[in-house]
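Observations on the three-dimensional arrangement
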Amino acid sequence: MADAPVDVLIIGAGASGAALAWSLADTRMNILCLEQGDWMDPEKYPAAGRDWEIRGFGDFSVSPNTRGRPEDYPVNDSDSPIAASMFNAVGGSTILYAAHFPRFRPSDFKVKTLDGIADDWPLDYERLAPYYDENARMMGVAGLAGDPAYPPKALPLPPVPLGKLGETLAGGFNKLGWHWWPSDSAIATQDYEGRAACINAGPCLTGCAQGAKASTDITYWPVAIRRGVTLKTRCRVREITVGPDGLADGVVYYDADGAERKQRAEVVVLACNGIGTPRLLLNSRSKRFPEGLANRSGMVGQNLMFHPYAMVTGLFEDRLEGYKGPMGCCLMSQEFYETDRTRGFVRGYSIETLRGLPPVSTALWGMTQGRIPWGAEHRRAYDAIFDRTAGMVIICEDLPEGHNRVTLDPELVDTDGIPAPKVTYRLSENSTRMLAHAVARGKEVLEAAGATETFAEAPLPIAGWHLMGTARMGTDPATSVVNEWGRAHDVKNLFIIDGSIFVTAAGVNPTNTIQALALYIGDMIKKNLANLFD
Amino acid sequence: MSATTTTQPISAAQVRTLASVLDEIVPPSDDARFPGAGALGLAAYVEQTMAHTPDLHQMTMQGLAALDRLVQAKGAESFTALCRADRLAMLHALTTTEPAFLPTLTFHTYVGYYQHERVLEALHLDPRPPYPKGFEMPPSDLTTLLAPVRRRAER
Ligand SMILES: Cc1cc2nc3c(=O)[nH]c(=O)nc-3n(C[C@H](O)[C@H](O)[C@H](O)COP(=O)(O)OP(=O)(O)OC[C@H]3O[C@@H](n4cnc5c(N)ncnc54)[C@H](O)[C@@H]3O)c2cc1C
Ligand code: SF4
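Given the structure is predicted, the values throughout are model-derived calculations rather than measurements.

Criteria and cut-off values
- Residues numbered from 1 in each chain as written.
- Chains lettered and ligands numbered in written order.
- Predicted model: local features only at pLDDT ≥ 70, side-chain atom pairs only at ≥ 80, totals over all residues.
- Heavy atoms only, no water.
- Helix = DSSP H or I, 4+ residues; strand = E, 2+ residues; numbered from the N terminus.
- Rg over C-alpha atoms; globule rule 2.2 N^0.38 Å.
- Buried < 20%, exposed > 50% of the residue type's maximum accessible area, 1.4 Å probe, protein only.
- Pairing = 2+ DSSP bridges.
- Contact = heavy atoms within 4.5 Å.
- Buried area = accessible area lost by both parts, 1.4 Å probe.
- Salt bridge = Lys/Arg side-chain N within 4 Å of Asp/Glu carboxyl O.
- Near = heavy atom within 4 Å.
- Polar contact = N/O pair within 3.5 Å; in protein donor to acceptor, adjacent residues only side chain to side chain.
- Areas by Shrake-Rupley, 256 points an atom, 1.4 Å probe, with all protein chains shown as cover.
- Nonpolar A, V, L, I, M, F, W, Y, C, P; charged D, E, K, R; others polar.

**Side note on the overall build of chain A**
Of regular secondary structure, chain A possesses 12 helices and 16 strands. Rg of the C-alpha trace for chain A: 22 Å, near the compact-globule value of 24 Å for 534 residues, within the 12% margin. Seen along its three principal axes, the alpha-carbon backbone of chain A occupies a region of about 70 × 50 × 45 Å. Counting every position in chain A, which comprises 534 residues, the buried fraction comes to 66%.

**Focus on the pairing of strand β9 (residues 309-315) of chain A**
All names here are of chain A. Across the seven residues that make up β9, a large majority, six, are buried. In this structure, β9 lies alongside strand β12 (residues 389-396), joined through seven bridges in antiparallel fashion. Across the sheet, residue Tyr309 finds its bridge partner in β12, namely Ile395. Relative to strand β15 (residues 453-457), β9 is paired through five bridges, and the arrangement is antiparallel. For Thr313, the partnering residue across the bridge sits in β15 and is Phe455.

**Some points on the interface of chain B and chain A**
With 44 residues of chain B in contact, the opposing surface of chain A contributes 50 residues. Across the interface of chain B and chain A, roughly 4000 Å² is buried in total on both sides, 70% from carbon and sulfur atoms. Of all residues in chain B, the largest losses of buried area upon contact with chain A belong to Tyr110(B), Tyr131(B) and Met137(B), amounting jointly to 18% of the total for that side. Applying the counting criterion to the chain B and chain A interface returns two salt bridges. The residue Glu335(A) makes a salt bridge to Arg152(B) at a minimum N-O spacing of 2.8 Å.

**What to know about the site of ligand 1**
All names here are of chain A. Within the structure, ligand 1 sits among 36 residues, and Ser16, Glu35, Ser93, His100 and Thr511 are positioned closest to it. With respect to ligand 1, the side chain of Glu35 contributes an N or O atom lying 2.6 Å from an oxygen atom. Within the complex, the protein chains bury 98% of what would otherwise be the 990 Å² of accessible surface of ligand 1. Only α1 (15-25), β6 (236-242) and α12 (511-527) provide two or more residues apiece to the shell around ligand 1. Residues of the shell around ligand 1, tallied by class, amount to 18 nonpolar, 15 polar and three charged.

**As for the side chain of Asn76(A)**
Residues and elements named next belong to chain A. Inspection of the secondary structure assignment puts Asn76 in strand β3 (residues 76-79). For Asn76, a relative accessible area of 18% gives the class buried. In terms of polar contacts, Asn76 uses its side chain to reach the side chain of Ser78, at 2.7 Å. The residues touching Asn76, leaving out its near neighbours within four places in the chain, are Asp409, Leu412, Pro421, Lys422 and Val423.

**Remarks on the sheet that holds strand β10 (residues 331-333) of chain A**
Residues and elements named next belong to chain A. Spatially, β4-β10-β11-β12-β9-β15 is the arrangement adopted by the six strands of the open sheet, whose pairing is antiparallel. The open sheet has two edge strands with one neighbour each: β4 (181-182) and β15. When strand β11 (residues 349-353) meets β12, the two strands line up antiparallel, connected through five bridges. The residue bridging Glu352 from the neighbouring strand is Val393, located in β12.

**A word on unusual backbone geometry**
Here the residue pair Ala458(A) and Pro459(A) is connected by a cis peptide bond, since its omega of -5 degrees sits within 30 degrees of zero. Looking along the chain, the bond that leaves Tyr131(B) and enters Pro132(B) is cis, with omega of 10 degrees. Despite not being glycine, Ala118(A) has its phi angle at roughly 45 degrees, a positive value. Relative to the helices and strands, Ala118(A) is located in the loop between α4 (111-115) and α5 (125-139). Of note in the backbone geometry, Asn303(A) takes a positive phi value of approximately 65 degrees without being a glycine.

Here's what the structure looks like:
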């Protein structure tokens, strides 16, 4: 069945798809977004029940393989020490994200020039800065001006509270004379644009029932829809089709009833994230593109970057009230961000402190660590740990490597029978050394803050939530998939706007940069409308 | 696993044994502030979880059957009627014959126990979910706390 043609078809309603839909809405073009997931109902998020913690291991797990909702597609990540995580709904993975919202630093766009590794981006920080500012306003970013690690930036809301736990850790950083700053967070710390202020409830990673966390279903989408964009949910795209002129002419998708449909479009935009996008391109094979759409370079799926994470936790004597406050946002240190070759690796990392473990998680963590046994010793062991832990994740810059990749699994398929992605990933020597350095520094700062014991896990196996590099941007069609404004070299009416197009990963969370890029690409599309396909 | 195994209901006697096992997994605290997991009624929680977790159901039923065999071999009336030392000895014996039984049951016991109102109160927490009330957090004195970071940046 064929639907009426549209001017612009966006595939994926997550962080980037929402931002682009909003950006293009003022053109009065006929814009449609197809999203395989549905609208979420915040009333049904786990936070309103006492079982909220355990639901994070079930229907709100970060892993699509564990959740197994009908809208999820499976990911074969058995050949990777880091499992892929994402969410499939209007809002995409921002439904579950922690909303830690740093920008890239200016140096992140030119690592080849600075350090002789990987590649420079075909654009720089100054080019993206106005789009970061615009994104800050649309998402509602909280933070404190004056961070010496960054050029001045727009932060419309005051920072999230540090709490007793944050103050304790800040003391450790100060003792060592290390950089730290309250985290930039996409969280409404005051009532903002119709969103209620954060109540420091904690469970941001299973959805924010309060509506304070900036998931795009409550930020960009309502405005984009009011301005005329159509969003169709429970529509899963199987492939992008190509006309006789070599341009994309639309998609084949399955609607909510599982019926196969055809949607024609003048421009096709991919916003399915660093795994979903290469999967769809590789599934879109034709005579003209036998290796997958826009893949003449062979780069589609290659250079997958995750951000290897270390998690370091300290045990303190006093209670820290760590169950209060947004779980993933507190303070960030970039003391070890830039390259210092005496450390034995290139580039660096950010340290992001977390809150403490809530009651059930304390017991389960203690169980896996062999610290909280059953039986007579249970009470003493639990009480020595509950509300006395403070942790941090350390986000290491991952370098692009061709052998880390997304391919199609030969057997695995989703509920519509579409071939599923397979992830193949090896931790590089550089990342291994960086993780070891990060763990040692993490322990050092926790001890400086007063921790009596420390624990570390690196790489953190569940932390494959930053998906980047699998359709990278560049000026050379032989070594990149899209040009400097997101247009596929091989298919001039196909754009890619998600984390796939990252050239390098930086050492910070990616979503602010993903969205700033989407807004920039939106502006470039608008500026070049008259000769978009030249 | 056969459908009969999954749906085979747990008997009243088995529920009593389960409650005693739970009291050994998380015993009451000496000052009685924290109840034992069995006395708290968590056998019902485990039973409910078993109903939609076939693996847990099978493992629990197997573990309870094995425990029952040990009780009979000892000529005792029931697991509950044993003295504490004998109960613990039997549970430890199960760690080799039914290695998954206690870890799985412990996992689910912890999950049920540490979300229970009485336990949250004993932990000095409000016995409620985090939403909609949330938590008050006063702002920090960032000027003082960040002074060393600013001083260093100016140097
Ligand atoms: C637990 C967790 C914590 C995180 N924390 C942070 C954080 O603190 N800070 C940060 O910066 N980032 C964080 N992230 C990452 C962040 O969520 C992602 O970077 C961001 O959402 C990516 O945006 P995107 O537009 O590329 O893709 P997504 O937001 O993942 O959206 C892609 C959308 O495309 C849809 N889609 C895919 N394939 C198809 C198809 N074939 N047909 C139709 N629709 C399709 C999906 O259903 C999905 O809705 C976190 C992620 C997770 C999972
Ligand atoms: S801490 Fe704030 S942002 Fe996080 S879930 Fe609670 S209200 Fe939402």
